[in-house]
Amino acid sequence: MAASSGRAAGQARGRATAEAFPRCHYVTTKGVEHQLIPDPASAEGRRARLDRAHPALSRCIGLLSLVVLVIGLVLLILQLMEQITRAPEGVSQYVGTFTSPIDMPAWGNIVLGLVTVAASTERALRLRYSLLLDGGAG
């Protein structure tokens, strides 16, 4: 993918693995490599600044968002299992019905969805920062 900004032409290069891009950099046409860093005014840049200024707080936020995502995933799986086994002509005739031990009201599902979106956004911002600055570690 060729890039051109007005200064020098070059390519953004990354080495893909099954998980992500562990190394992503910009290579000019003369072969000079430049590490990519997020724009300080972007969400990724603000997240990177928080990580540099308050690393303990950043780790706590990251851990909290990971816990929220795991809880959201578990609750989603429980609710899906209940819905799938509820249909009489479906899976229930083979495995029986499953009743989720957690019965969430509609407002609880909405709140959980919003909190999960916020947590996944935080993780995406941190992941992108870590891929661009740390070369994939973190």
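Residues numbered from 1 in each chain as written. Predicted model: local features only at pLDDT ≥ 70, side-chain atom pairs only at ≥ 80, totals over all residues. Heavy atoms only, no water.

Undergrad: Sorry, what's going on with the overall build of the protein chain here?
TA: Helix and strand content of the protein chain: 4 helices and 4 strands. Going from N to C terminus, the protein chain has its helices and strands arranged as β-β-β-β-α-α-α-α. Buried residues in the protein chain amount to 25% of all 138 residues. Considering only residue pairs separated by 6 or more positions, the protein chain has 40% of its internal contacts joining residues 24 or more positions apart. (Helix = DSSP H or I, 4+ residues; strand = E, 2+ residues; numbered from the N terminus. Buried < 20%, exposed > 50% of the residue type's maximum accessible area, 1.4 Å probe, protein only. Contact = heavy atoms within 4.5 Å.)

Undergrad: How should I be thinking about a nonpolar patch on the surface in this particular structure?
TA: Taken together, the side chains of Leu73, Leu76, Ile77, Leu80, Met81, Ile84, Val91, Tyr94 and Val95 make up a nonpolar region of the molecular surface, amounting to roughly 870 Å² of accessible area. Put simply, the parts of the chain that give the nonpolar patch at least two residues each are α2 (55–86) and α3 (92–95). The greatest single-element share of the nonpolar patch, amounting to 6 residues, is contributed by α2. The residue valine 91 is located in the loop between α2 and α3 in this model. Exposure remark for valine 91: the relative accessible area of 34% places this residue in the partly exposed category. (Patch = residues over 30% accessible without salt bridge, like charges linked within 9 Å, V, L, I, M, F, W, Y side chains within 5 Å. Areas by Shrake-Rupley, 256 points an atom, 1.4 Å probe, with all protein chains shown as cover. Salt bridge = Lys/Arg side-chain N within 4 Å of Asp/Glu carboxyl O.)

Undergrad: Can you help me understand the pattern of salt bridges in this one?
TA: Any two side chains of opposite charge can pair if their charged atoms end up close together. Per the stated rule, a full pass over the model turns up 3 salt bridges. Note that arginine 47 and glutamate 122 form a salt bridge whose closest N and O atoms lie 2.5 Å from each other. One end of the pair, arginine 47, is in helix α1 (residues 43–53); the other, glutamate 122, is in helix α4 (residues 106–133), with 75 residues separating them in the sequence. Glutamate 82 is the partner of arginine 86 in a salt bridge, and the nearest nitrogen-oxygen pair spans 2.9 Å. Of this pair, arginine 86 and glutamate 82 both sit in helix α2, 4 residues apart, which is roughly one turn of that helix. The class for glutamate 82 is buried, based on a relative accessible area of 16%. One salt-bridge network, held together by shared partners, links Arg47, Glu122 and Arg123.

Undergrad: What's the story with α1 in this structure? I'm lost.
TA: Taken together, the buried positions of α1 are occupied by Glu44, Gly45, Arg47, Ala48 and Asp51. Considered in projection along α1, the buried side chains sweep an arc of 160° and stay on one side of the axis. Two to three positions downstream of the cap, the backbone nitrogen of glycine 45 sits 3.1 Å from a side-chain oxygen, assigning the N-cap of α1 to serine 42. (Arc of directions from axis to C-beta. Polar contact = N/O pair within 3.5 Å; in protein donor to acceptor, adjacent residues only side chain to side chain.)

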